[in-house]
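Next come the chains, spelled out residue by residue.
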Amino acid sequence: MLFRRIKWTGILLFLIIPVILHAQKDDTVYMLNGDRITGELKKYESGILTLKTEGMSTLGIEYDKINTLHSAKYFEIVSKTGFSYYGSIRKSTVPASIVIVISNDTVVKAMNEIVEITPIKNRFWKKFYGSIDLGVSYIKSTQVLQYYLNTDINYRAKKDLVMFDMSLMFNDQKINDSVIRTRKNDIGLGLNHFFQGRWWLGVGAMWQQNTELELDYRIQLESGAGYDIVHTNPIRLYGMAGLLVNREKPTDSVSASTNFEGLLSMKFTWLRYRYPEMNISSNIDAYPSFTVSGRWRLEFNLTSKIEIFRDFYLSLSFYDDFDSKPSGGGSSLNDWSIIFSVGYSF
């Protein structure tokens, strides 16, 4: 009796599992050249549709090669105007377009009018994405050892985005018998809530350290509003303004001070989606102080990435941190560096 139950359970699993696996990959991409590809639609952003297939692994399909799509799953579809649609996707008879099926209506949208398609999944772990960069260098003549770690992890829900960023840089230089150590570390956690259209609100917390600017630590809490100025397939430009409070301690002091500052931020990203894929991003953050008269802090970053093979890339980054009146009172007003690293995205 037990043997028969095990046998029939095995037969049922043998029949059911292939059906489940097939159901997970029943999304269809119809190409302009007449080809049809079936798989699982993972995401669509920056002009690239990511499709996971059985026989050809994961494909990156450029938007200008897509005629239409079909999927019974539930998605968030974002247009150039920032307006979001929620529903499934049906094959369209209009070339280079899709039919969005919402609760009580259908909307036809051209592919070049869509900037994001995100599956709204129930499975918790599939909502995470991010990247990690590692870099190490050693110069024998100056006996400088530098190592670098940068990672960002994001969690996307229907209307919210949770972001964790960590950038750690260590520099050890041996002079005679002593070692001079410099550190620049940034760890941040943020939450953005998106509204219909191009507006969003954000709150965040950050811990910073920069020994070149004689900063032992800075802990800051911030909030602000952001707006997408340009959001197309290859380009995104957005600005943000807000307020923050921080607590900072210089390296040569036992006491810390509390400061109130403004926040003005601008970020630009550009993606070339043809192989080899390239990604250039730059942001500048300005912090005018309300507590210390005439004090400005500026943080500038420029990063370029080029794909070497699927999900792996080479990265070249430049940053410059400026403080017109460092809390430590030191002579150095800015700290900058050029970083080469190898990265992986997921």
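Since we're looking at a predicted model, the values are computed, not measured.

About the thresholds
Residues numbered from 1 in each chain as written. Predicted model: local features only at pLDDT ≥ 70, side-chain atom pairs only at ≥ 80, totals over all residues. Heavy atoms only, no water. Helix = DSSP H or I, 4+ residues; strand = E, 2+ residues; numbered from the N terminus. Buried < 20%, exposed > 50% of the residue type's maximum accessible area, 1.4 Å probe, protein only. Contact = heavy atoms within 4.5 Å. Areas by Shrake-Rupley, 256 points an atom, 1.4 Å probe, with all protein chains shown as cover. Core = buried A, V, L, I, M, F, W, Y, C linked by side-chain atoms within 4.5 Å. Salt bridge = Lys/Arg side-chain N within 4 Å of Asp/Glu carboxyl O. Phe/Tyr/Trp six-rings, centres within 6.5 Å; stacked < 30°, edge-to-face > 60°. Lys NZ or Arg CZ within 6 Å of the ring centre and 35° of its normal. Pairing = 2+ DSSP bridges. Polar contact = N/O pair within 3.5 Å; in protein donor to acceptor, adjacent residues only side chain to side chain. pLDDT = per-residue confidence, 0-100.

With that settled, the discussion passes to the overall build of the chain. When helices and strands are counted, the chain shows one helix and 21 strands. Burial statistics for the chain: of 346 residues in total, 39% are counted as buried. Intrachain contacts of the chain at a sequence separation of at least 6 include 49% that bridge at least 24 residues. By element, 62% of the accessible surface of the chain is carried by carbon and sulfur atoms, the whole surface being about 19,200 Å².

Here we take up the environment of Thr251. Along the chain, Thr251 turns up in the loop between β16 (235–250) and β17 (257–272). Sequence separation of Thr251 and Gly328 is 77 residues, and the distance between their C-alpha atoms is 6.9 Å. Apart from the residues lying within four places of it in its own chain, the contact partners of Thr251 are Glu214, Leu215 and Asp216.

All right, on to the nonpolar core then. Membership of the largest hydrophobic core comes to 20 residues, with the highest contact counts inside it found for Val29, Leu49, Ile61, Leu69, Ile77 and Ile117. Listing elements by their share of this core, those giving two or more residues are β1 (27–31), β2 (36–45), β3 (48–52), β5 (66–79), β6 (84–90), β7 (97–101) and β9 (114–119). When residues in this core are grouped by element, the largest group, four residues, is from β5. Those residues within four positions of Ile61 in sequence are excluded, and the remaining contacts are Val29, Met31, Ile37, Gly47, Ile48, Leu49, Leu51 and Ile66. Listed in part, the six residues of the second largest apolar core include Met163, Phe194, Trp200 and Met240.

Counted according to the given criterion, the structure contains 14 salt bridges. With a shortest N-O distance of 2.8 Å, Glu261 and Arg297 are connected by a salt bridge. Highlighted residues: Glu261 in strand β17 and Arg297 in strand β19 (residues 296–309), separated in sequence by 36 residues. Judged by relative accessible area, which is 1%, Glu261 ranks as buried. Judged by relative accessible area, which is 3%, Arg297 ranks as buried. The partner of Asp323 in a salt bridge is Arg295, and the shortest N-O contact between them spans 2.7 Å. Of this pair, Asp323 sits in strand β20 (residues 312–323) while Arg295 is found in the loop between β18 (278–288) and β19, placing the two residues 28 residues apart along the sequence. Arg295 carries the same exposure label as Asp323, and that label is buried.

Time to look at the packing of aromatic side chains. Across all of its chains, the model carries eight aromatic pairs by this definition. Aromatic ring contacts, followed pair by pair, group Phe194, Trp200 and Tyr238 into a single cluster. One Lys or Arg, Lys184, reaches over the ring of Tyr319 and ends 4.6 Å from the middle of that ring. Just above the ring of Tyr287 sits the side chain of Arg297; from NZ or CZ to the centre is 4.3 Å.

In this structure, strand β14 (residues 199–210) lies alongside strand β15 (residues 215–231), joined through 11 bridges in antiparallel fashion. By the bridge assignment, Trp207 is partnered in β15 with Ile219. In textbook terms, the turn of a hairpin is the stretch between consecutive antiparallel strands, and for β14 and β15 this stretch comprises four residues, one of which, Glu214, has a positive phi near 55°. If you look at the hairpin formed by β15 and β16, you'll find three residues sitting between the two strands.

We now examine the side chain of Asn259. Here Asn259 is to be found in strand β17. Exposure remark for Asn259: the relative accessible area of 4% places this residue in the buried category. Polar contacts involving the side chain of Asn259 include one to the side chain of Glu248, which spans 3.4 Å. Those residues in contact with Asn259 that lie beyond four places of it in its chain are Leu244, Val245, Asn246, Glu248, Thr291, Val292 and Arg295.

With 13 bridges connecting them, strand β11 (residues 144–156) and strand β12 (residues 160–175) associate as antiparallel partners. Opposite Asn154, over in β12, you have Met163 as the bridge partner. Counting the residues that bridge the hairpin from β11 to β12 gives three residues.

The next thing to look at is the environment of Phe318. By the element assignment, Phe318 lies in strand β20. In this structure, the C-alpha to C-alpha distance between Phe318 and Leu302, residues 16 residues apart in sequence, is 5.2 Å.

Mean pLDDT over the chain: 84, with 88% of residues reaching 70 or higher. Counted against residues more than four places away or in other chains, residues 12–23, with its pLDDT under 50, gives three contacts.

Let's shift gears to unusual backbone geometry. With the exception of glycine, most residues fall at negative phi, and the peptide bonds are largely trans. The phi dihedral of Ala96 falls on the positive side, at around 55°, and the residue is not glycine. Take Ala96: it is sitting in the loop between β6 and β7. For Ala96, a relative accessible area of 29% translates into the label partly exposed. If you check the backbone angles, Glu214 has positive phi at about 55° while not being a glycine. Along the polypeptide, Glu214 turns up in the loop between β14 and β15.

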